[in-house]
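A closer look at the structure
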Amino acid sequence: VGAGTGGFFVVPEGGGRSGTLGDQEAWYAVPQYCWRGADALGLGDLDGDGIADAFVGVGQGGAEVEWAGPEKGYNRVETGPGYLYVQLGPLDGGGDLADADGLVVGPQTNSFFAREATIMDDVDGDGLPEILAGAAYADRVAARAGVAYVIDPGLAIGREGAEVEDTAIATLDGDNRADLYLGFSVANGGDLDGDGWTDAVVGGAADMQDEDLAIGRVYAFRGPLEGSYTTEDAILRVDGTTQHGIGYYNYGGGALHGGFDVNGDGFDDWIAGSPSDVDNDYHNRAVLFWGAPWP
């Protein structure tokens, strides 16, 4: 494994409480040419065989790199489209993700595809989970409007270098809003409205429509999800109120999370991060939103 390539460990149940990683856990290495290691990780039974599988998102997957010496390490020469690897279980032997069971390639160079990705409960009724992956810098409908893809892992398994458009069962586009960066954060919303379907929550990191004001926006899309959608189709939109406001990307991790009923009312809820809240003396904060019936 080359220096700086990154990857992920699989720690057995009851392990990892002390000591160091690498002695007995399985290690899956990201190929060196990806320039950086894993950005997004998830576990779930993607193929329905009862054994947990893994997916790994690498936002700069496919980048061209060069060795700049021991002091600087690898330098990026050319940006990549972003990769999403699918590794089927059992995950007990480790290996190189160059030999992964599936590889999905982002929509364009420097789209940062799969830098944010999460597993979704079944959104199309086939009984299997899907993967929600963002490509915040994609230019599908406007410059850096962004897009999020609902990906069927079954369309990626057995394929090396499948185009994301060929594996997605739904696309959530940033409409015609330049610099919205939709897909900078993504979350499995769970069943927010109690209709029995899984909903998706997607953050637009900036929304630079008003000069330098990056308020951030979060959109909720109602399941089932199949086909093409824009932000105009969202059932719910929450706007930030200050620069770098709600939903703006938190460099410590994803700015959104959901899929749990935290108040016991029967509806799943979701939480959004606001990492630079001007009205709160620039202190970070998180805002919790209740699920509820929708029209």
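About the criteria used
- Residues numbered from 1 in each chain as written.
- Predicted model: local features only at pLDDT ≥ 70, side-chain atom pairs only at ≥ 80, totals over all residues.
- Heavy atoms only, no water.
- Helix = DSSP H or I, 4+ residues; strand = E, 2+ residues; numbered from the N terminus.
- Buried < 20%, exposed > 50% of the residue type's maximum accessible area, 1.4 Å probe, protein only.
- Areas by Shrake-Rupley, 256 points an atom, 1.4 Å probe, with all protein chains shown as cover.
- Core = buried A, V, L, I, M, F, W, Y, C linked by side-chain atoms within 4.5 Å.
- Contact = heavy atoms within 4.5 Å.
- Salt bridge = Lys/Arg side-chain N within 4 Å of Asp/Glu carboxyl O.
- 1 Å grid on protein atoms, 1.4 Å probe; cavity = no way out; pocket = protein on both sides within 12 Å on 5 of 7 lines; lining within 4 Å.
- Points joined across faces, edges and corners; volume = space filled by probe spheres on them.
- Nonpolar A, V, L, I, M, F, W, Y, C, P; charged D, E, K, R; others polar.

Glancing now at the overall build of the protein chain. Helix and strand counts for the protein chain stand at one helix and 22 strands. The buried share of the protein chain, reckoned over its 295 residues, is 50%. When the accessible area of the protein chain is evaluated, it comes to approximately 13,100 Å², of which 45% is carbon and sulfur surface.

Of all hydrophobic cores here, the largest spans 20 residues; its most connected members are Leu84, Phe113, Ile131, Tyr149 and Ile151. Of all the secondary-structure elements, those providing two or more residues to this core are β7 (83-87), β11 (130-135) and β12 (147-151). In this structure leucine 84 touches Phe55, Val56, Gly57, Gly102, Leu103, Val104, Phe113, Ala114, Ile131 and Ile151, once residues within four positions along its chain are discounted. Among the nonpolar cores identified, the runner-up in size contains 18 residues, and Met120, Val123, Ala148 and Ile169 belong to it.

Counted by the stated rule, this structure contains four salt bridges. Among the ionic pairs, aspartate 195 bridges to arginine 222, the shortest N-O distance being 3.9 Å. In this pair, aspartate 195 is assigned in the loop between β15 (182-190) and β16 (199-204) and arginine 222 in the loop between β17 (217-221) and β18 (227-230), connecting sequence segments 27 residues apart. Judged by its relative accessible area of 34%, aspartate 195 falls in the partly exposed class. Note on arginine 222: relative accessible area 28%, which makes it partly exposed. Connected through salt bridges with shared partners, the residues Arg140, Glu165 and Asp173 form a single ionic network.

Scanning the model with the defined rule gives one cavity of 30 Å³ or more in all. For the largest cavity, the calculated volume is near 30 Å³. Forming the walls of the largest cavity are Phe112, Arg115, Glu116, Gly134, Ala136, Gly183 and Phe184. The residue makeup of the lining of the largest cavity, split by class, is three nonpolar, two polar and two charged.

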